[in-house]
Amino acid sequence: MRVAIASDHAGFCQKDPVEDYVRGLGYEVIDMGPADDSRVDYPDFADKVATAVADGSADRGILICGTGLGMAMTADKVPGIRAAAVQTVDFAELARKHNDANVICLSGRFVDLAVNEGIARTFLETDFEGGRHAQRVAKIMKEDER
Ligand code: RB5
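Residues numbered from 1 in each chain as written. Predicted model: local features only at pLDDT ≥ 70, side-chain atom pairs only at ≥ 80, totals over all residues. Heavy atoms only, no water.

1. Side note on the site of the ligand
Inclusion rule: Near residues are defined by distance, with any heavy atom within 4 Å of the molecule or strand qualifying the residue. Distance and chemistry together define a polar contact, namely a pair of N or O atoms within 3.5 Å, with one atom able to donate a hydrogen and the other to accept it when in protein, and with adjacent residues in sequence counting only for side-chain atoms on both sides. In short, Shrake-Rupley with a 1.4 Å probe defines the accessible areas, and a residue's cover is counted only from the protein chains shown. Here the nonpolar group is Ala, Val, Leu, Ile, Met, Phe, Trp, Tyr, Cys and Pro; Asp, Glu, Lys and Arg are the charged ones; every other residue, Gly included, is treated as polar.
Every residue near the ligand is listed here: D8, H9, A10, Y42, C65, G66, T67, L69, G70 and R109. Here D8 contributes a side-chain N or O atom positioned 2.6 Å from an oxygen atom of the ligand. Taking G70, its main chain carries an N or O atom lying 2.8 Å from an oxygen atom of the ligand. Protein burial of the ligand: of its 300 Å² of free accessible surface, 73% is covered by the chains. Tallied by class, the residues present in the shell around the ligand amount to four nonpolar, four polar and two charged.

Okay, here's the thing in structure tokens:
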């Protein structure tokens, strides 16, 4: 599985450690920047990762900003993307099982690295349950047709 990862300046302190952790789990990481913690606009990096997942050049995406919120708001605007801002492992599990999330957005300022690593692992290792959730996810994706 190819995992596209990016941050803004507020999430940069966790970007490389999260990438190393994900590589250590055996996944291919596509680093989509930034290269340092200079101030940047999070929508530019959310768009890179969301576009890579939407066009199939990556299978999943992980975004890290201060809260995870702005990244999620931006990524969810890209057709084909189901991005969730996640602060706990339980939410990561449900974002996969119930919502088939293909991008998660982490908080680099308010959530510890160890917790975010657990969230990333759960996001990558948990399958979508389908069943009753499939028709609900299909309704989410209908919104892309607006
Ligand atoms: C940057 O200061 C901050 O606004 C950004 O990282 C993020 O938290 C936005 O949602």
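Still more to cover.
2. Let's talk about the environment of A4
Test applied: Helix numbers and strand numbers start at the N terminus; a helix is a DSSP run of H or I with at least 4 residues, a strand a run of E with at least 2. Only heavy atoms enter the contact rule, under which two residues are in contact if any of them lie within 4.5 Å.
Within the secondary structure, A4 sits in strand 1 (residues 2-7). Along the chain, A4 and G33 lie 29 residues apart, while their C-alpha atoms are 9.7 Å from each other. Other than its neighbours up to four places away in sequence, A4 contacts I30, M32, V49, A52, A58, R60, G61 and I62.

3. Structural notes on the environment of T51
Residue placement: T51 occurs in helix 2 (residues 42-54). Distance in space between the C-alpha atoms of T51 and D20 is 22 Å, their sequence separation being 31 residues.

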